[in-house]
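# Topology and contacts: notes
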Amino acid sequence: MRGPDEVDCLDLRTGSLVWRAPVPPYTGHLVVDEDTVLVGGWRGYTALRALDRETGTTRWATTARVATVRPAVAGGVVVVGALGGSELRILDADSGDEVRRLALPEPLTDSDHSPALVTVDDDHVLLRCGPRTIRRVHLESGDGEEFFRAEADLTPDAPSVTGTLAWVRDNRGGLTAVDLTTGGVRRRVGAGDPPVSGVVAAGHCHVAARRSGVLLRVDDDGVHERATALRRIGSLHALDPDTVLLAGAGGLSAVRAT
């Protein structure tokens, strides 16, 4: 997003502008899929609209303003749900038409700008429900099941998915790696200064970070901590197979993961 009223698409190799699309002020939410860019629906300020990723032209838009958590896209459908709502809506990614609605046994968490939904594969999403639950939904069948229930209250955002693991943050500052196949716990990072959103796979380890500026490398030997140049980290992102990008109050920092 660039400013309050347009979306810019840039070439990653050159930084040059590919296309620019006007959007209403306070649009919020930006989700990019293989051929679709979703914008809108944040706090109910605007309609939800789908832009063509190659050209930036509007493919469809809802007729009214929509209040939704950050949408997820998987297998040709868009998943939306109201903050604190008790159902999910499944929309066709090409037309925006509603395909089905799914009832939830616990309400979606109020995650504001953070994702409450995360795509696992073409037929599954994970979502944060209630104070301690991660739920898995099968998009084609509409079936849902409890994937993981924590022993302590969780942060309101959805887990980070890396390969076969879902990384779940709790309110005590802990981080738990859950096996996507079995739902069993594979690794726990002890409570402390809260880990930021985002876990990435790098080589033979996984990398996370704490807000205080500490990088965490998790491997078969345990959890290894390393101080960074940033005093406060806001989020962590994959940059390349061996490097992570840290965003924080002191700016951006690219750090070797191993």
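Within this structure, the stated rule accounts for 16 salt bridges. Its salt-bridge partner being Glu6, residue Arg20 comes within 3.3 Å of it at the nearest N-O pair. Placement of the pair is Arg20 in strand E2 (residues 17-22) and Glu6 in strand E1 (residues 6-10), with a sequence separation of 14 residues. Note on Arg20: relative accessible area 42%, which makes it partly exposed.

With the rule as written, the count across this model stands at two aromatic pairs. Aromatic side chains Trp42 and Tyr45 sit 5.6 Å apart centroid to centroid with 85 degrees between the ring planes, which places their arrangement in the edge-to-face category.

The next point concerns the environment of Val31. In this fold, Val31 is placed in strand E3 (residues 30-32). Accessibility expressed as a relative area gives 13% for Val31, which makes it buried. C-alpha of Val31 to C-alpha of Arg70: the two residues are 39 residues apart in sequence and 7.6 Å apart in space. Beyond its immediate sequence surroundings of up to four residues, Val31 is in contact with Thr36, Val37, Leu38, Arg70, Pro71 and Val73.

Across the sheet, which stays open at both edges, the three strands sit in the order E23-E24-E25 with antiparallel pairing between neighbours. What marks the edges here is a single partner per strand, and that holds for strand E23 (233-240) and strand E25 (251-256). Averaged over all pairs of adjacent strands, the angle between strand axes in this sheet comes to 25 degrees, irrespective of strand direction. With six bridges joining them, strand E24 (residues 243-248) and E25 adopt antiparallel strand pairing. The residue bridging Ala247 from the neighbouring strand is Leu252, located in E25.

Next up on the list: the sheet that holds strand E17 (residues 175-179). On the basis of which strands lie adjacent, the open sheet formed by four strands has the order E15-E16-E17-E18 and antiparallel pairing. Unpaired on one side and paired on the other, strand E15 (160-162) and strand E18 (185-189) mark the two borders of the sheet. Adjacent strand axes in the sheet meet at a mean angle of 20 degrees when their direction is disregarded. Bridge count between E17 and E18: four bridges; the pairing is antiparallel. Bridging from a neighbouring strand, Ala177 pairs with Arg187 of E18.

Val79, Leu88, Leu117, Leu127 and Leu139 are the most contacted members of the largest nonpolar core, which has 17 residues in total. Listing elements by their share of this core, those giving two or more residues are strand E7 (72-74), strand E8 (77-80), strand E9 (87-92) and strand E12 (124-129). Per-element tally for this core: the top contributor is E12, with three residues. In this view, Leu139 contacts Ala74, Val77, Val79, Ile90, Arg100, Asp122, Asp123, His124 and Val125; residues no more than four positions away in its chain are not counted.

The rules we used
- Residues numbered from 1 in each chain as written.
- Predicted model: local features only at pLDDT ≥ 70, side-chain atom pairs only at ≥ 80, totals over all residues.
- Heavy atoms only, no water.
- Salt bridge = Lys/Arg side-chain N within 4 Å of Asp/Glu carboxyl O.
- Helix = DSSP H or I, 4+ residues; strand = E, 2+ residues; numbered from the N terminus.
- Buried < 20%, exposed > 50% of the residue type's maximum accessible area, 1.4 Å probe, protein only.
- Phe/Tyr/Trp six-rings, centres within 6.5 Å; stacked < 30°, edge-to-face > 60°.
- Contact = heavy atoms within 4.5 Å.
- Pairing = 2+ DSSP bridges.
- Axes fitted to C-alpha atoms, helices over the stretch in contact; angles between N-to-C directions.
- Core = buried A, V, L, I, M, F, W, Y, C linked by side-chain atoms within 4.5 Å.

That is the geometry; function is a separate question.
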